[in-house]
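Survey of secondary and tertiary structure
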Amino acid sequence: MTDITIYHNPACGTSRNVLAMIRNSGVEPSLIEYLKQPPSTQQIQTWLSAMGATVRQVLREKGTPYAELDLGNPKWTDAQLLDLIQEHPILLNRPFVITPLGVRLCRPSEVVLEILPAPQQGPFVKEDGEQVIDAKGRRV
């Protein structure tokens, strides 16, 4: 059993990079494909509280019904936005990572390094070719 969980979308490059960085620290995380197993409203609220973030800060616009639902309109309450996330899980930005050191929405992917308990074990290059970790496991 691991104490790292990633709410993942395998179709998302950022999410794949985050998963790879977790694995580069020597850990195989609990992997939850959040579109198949969406987090509960209570889980999301717990994450937001831990991060000091708002619901609006974790909404995803691109590739979602955000514009169609007019979610940029301030008329929506946090409770209503959370209900809409339950109805349309794609509205929740990703990936979320939970470790003993905290919770983060890992955008950009390097944010995950802030909460990984173990250091990187070797070099890491993102899918786009950007080097993040050098051969000694240090951030570039």
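According to the stated counting rule, one finds 7 salt bridges in the structure shown. Across the salt bridge formed by glutamate 114 and arginine 104, the nearest N and O atoms sit 2.9 Å from each other. Of the two residues, glutamate 114 is situated in the loop between β4 (102-105) and β5 (124-125) and arginine 104 in strand β4; the sequence distance between them amounts to 10 residues. Exposure remark for arginine 104: the relative accessible area of 26% places this residue in the partly exposed category. Between glutamate 130 and lysine 126 there is a salt bridge, with the nearest N and O atoms lying 3.3 Å from each other. It is possible to trace a salt-bridge network through shared partners that takes in Glu110, Lys126 and Glu130.

Residue arginine 94 is joined to proline 95 through a cis peptide bond whose omega torsion reads -5°. Summarising the element assignment, proline 95 is placed in the loop between α3 (78-87) and β3 (96-99). Proline 108 follows arginine 107 through a cis peptide bond whose omega is 0°. If you trace the backbone, proline 108 turns up in the loop between β4 and β5. For aspartate 70, which is not a glycine, the phi torsion comes out positive at approximately 60°.

Cut-off values and rules
Numbers given to residues run from 1 along each chain, matching the order in which its sequence is written. Where totals are concerned, whole chains, interfaces and linings use all residues; where local detail is concerned, this predicted model gives features only for residues with pLDDT of at least 70, and gives and counts side-chain atom pairs only at 80 or more. Working from all heavy atoms in the structure, the side-chain values ignore hydrogens and water. We define a salt bridge as a side-chain nitrogen of Lys or Arg found within 4 Å of a carboxyl oxygen belonging to Asp or Glu. By definition, any uninterrupted DSSP run of H or I lasting at least four residues is a helix, any uninterrupted run of E lasting at least two residues is a strand, and each is numbered from the N terminus. Each residue is assigned to one of three classes by its accessible area relative to the maximum for its type, calculated with a 1.4 Å probe on protein chains only: buried under 20%, partly exposed between the two thresholds, exposed over 50%.

Just distances and angles here, no functional claims.
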